[in-house]
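Architecture and fold: a report
Here's the letter readout for the chains.
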Amino acid sequence: MKRVVLTGATGFVGANLARRLLRDGHEVHLLLRPEHNPWRIASVHDDLHLHIVDLRDADRLTSAVRDIRPEWIFHLAAYGAYSSQADVAKMVETNISGTINLVNAGLAAGFEAFVNTGSSSEYGLKDHPPSEVEPLNPNSHYAVTKASATLFCRFTAQARSVHLPTVRLYSVYGPYEEPSRLIPALITRGLRGALPPLVNPEVARDYVHVGDVSEAYIRAASHPTSEPGAVFNVGTGEQTSLRQAVEMARRLMAIPAEPSWGSMPNRQWDTHVWVADPAKIMRELGWHPRFSFAEGLRETTEWFRQHSELLKFYETQDVRPNIPPAPPA
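Reference entry: report on the structure contained in this document. It should be emphasised that the depicted structure is a prediction, and the values quoted were computed from it without experimental measurement.

Once that is clear, we can look at the layout of surface pockets. The computed volume of the second largest pocket comes to approximately 300 Å³. Around the second largest pocket sit 16 residues that line it, and Asn16, Arg23, Pro175, Gly211 and Glu299 are the ones nearest its centre. Those elements that place two or more of their residues in the lining of the second largest pocket are helix H1 (12–23), helix H6 (210–222) and helix H9 (293–306).

Spelled out as structure tokens, the structure:
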């Protein structure tokens, strides 16, 4: 059993990772913003240790981490991943300054492993699956801040000889995903025989199931490598176009509705090529995705069916980017 600190646990990926850590028997401490929204962790609230601290408050953060004395630290807190999160100053405060503060707090307290969360957007638009050694070309302010945090963590690992890897995530989906995202919108509409507004059908993503992503975090923490500050792409190595995703959903849920392509405008990051090169994490950490996209979509659809109270909550949300309120208990 490890004593674990986790940031970003009220977010989609963090909430799933918290549950995985609890299932594995670890003691899980969450660092939560004062204004956090707890709906994703409500069902496991009593099994967690909660600490209200802002990552921008370096002194309080250092004190909190020192009191916890974590062996593992997982840093998932971020701002700017959604279109509604457009405040550049807040991106810098959260993604760069917050990361620096947490790393420094961890160094002061001591840790066995600190796993930072990167983003595939750090690479920018590519016409091929980029490897971890490829130069970064961020395609947004958010990507710039995530790349900066990755570089800081890598440098710190090299300078201080600590185990501080970064997992660079592709398009994660699964239980508790943001209602405005494609997969929840497809499922919640699809279970009613409808489809959400859609962008260009050739837009593609490398969709990786959140259960596989949680496994990647665990492996990154528990398998030190010879490379200080190693970066690992976390994706399947296979991309799925929007057309393919919609057709899979239509077959899975017997959706009679026809897709209305272009009924939602493309976003600045939409592209026909967005796919990971996961060779390094497979080779060095022995990680392999368990879910194909078809299997993950089926599993996520079944999760929605089994959580009727959350399905009703998701159905009330607009398909445009938003920050959802807490669902009814």
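Attention shifts here to the sheet that holds strand E6 (residues 166–169). Spatially, seven strands are ordered E3-E2-E1-E4-E5-E6-E10 in an open sheet, and the strand pairing comes out parallel. On the outer flanks of this sheet lie strand E3 (49–52) and strand E10 (231–234), each paired with one strand and no other. In this sheet, adjacent strand axes meet at a mean angle of 20° when their direction is disregarded. Judged from the four bridges that link them, strand E1 (residues 3–7) and strand E4 (residues 72–75) form a sheet pairing that is parallel. Following the sheet pairing, Val5 is matched in E4 by Ile73. Docked against the sheet, H1 engages E1, strand E2 (27–32) and E4, running at close to 170° with respect to E1. Its contacts with the sheet place helix H2 (residues 58–68) against E1, E2 and E3, and it is angled at close to 170° to E2.

Okay, the packing of helix H3 (residues 88–109) against helix H4 (residues 141–160) next. Contact pair H3 / H4: the axes reach a minimum separation of 9 Å and the direction vectors enclose 15°. Viewed along their axes, H3 and H4 adopt a mutual orientation that is roughly parallel. The crossing of H3 and H4 is right-handed. Between H3 and H4, the residues in contact are Val88, Met91, Val92, Asn95, Ile96, Thr99, Ile100, Val103, Asn104 and Leu107 and His141, Tyr142, Thr145, Lys146, Ser148, Ala149, Phe152, Cys153, Thr156 and Arg160, respectively. Class assignment for the residues of the contact of H3 with H4 results in eleven nonpolar, seven polar and two charged.

Scoring rules and cut-offs
- Residues numbered from 1 in each chain as written.
- Predicted model: local features only at pLDDT ≥ 70, side-chain atom pairs only at ≥ 80, totals over all residues.
- Heavy atoms only, no water.
- 1 Å grid on protein atoms, 1.4 Å probe; cavity = no way out; pocket = protein on both sides within 12 Å on 5 of 7 lines; lining within 4 Å.
- Points joined across faces, edges and corners; volume = space filled by probe spheres on them.
- Helix = DSSP H or I, 4+ residues; strand = E, 2+ residues; numbered from the N terminus.
- Pairing = 2+ DSSP bridges.
- Axes fitted to C-alpha atoms, helices over the stretch in contact; angles between N-to-C directions.
- Contact = heavy atoms within 4.5 Å.
- Parallel < 35°, antiparallel > 145°, perpendicular 65-115°, else oblique.
- Left-handed = near helix turned anticlockwise from the far one by under 90°.
- Nonpolar A, V, L, I, M, F, W, Y, C, P; charged D, E, K, R; others polar.

Just geometry here; none of it tells us what the structure is for.
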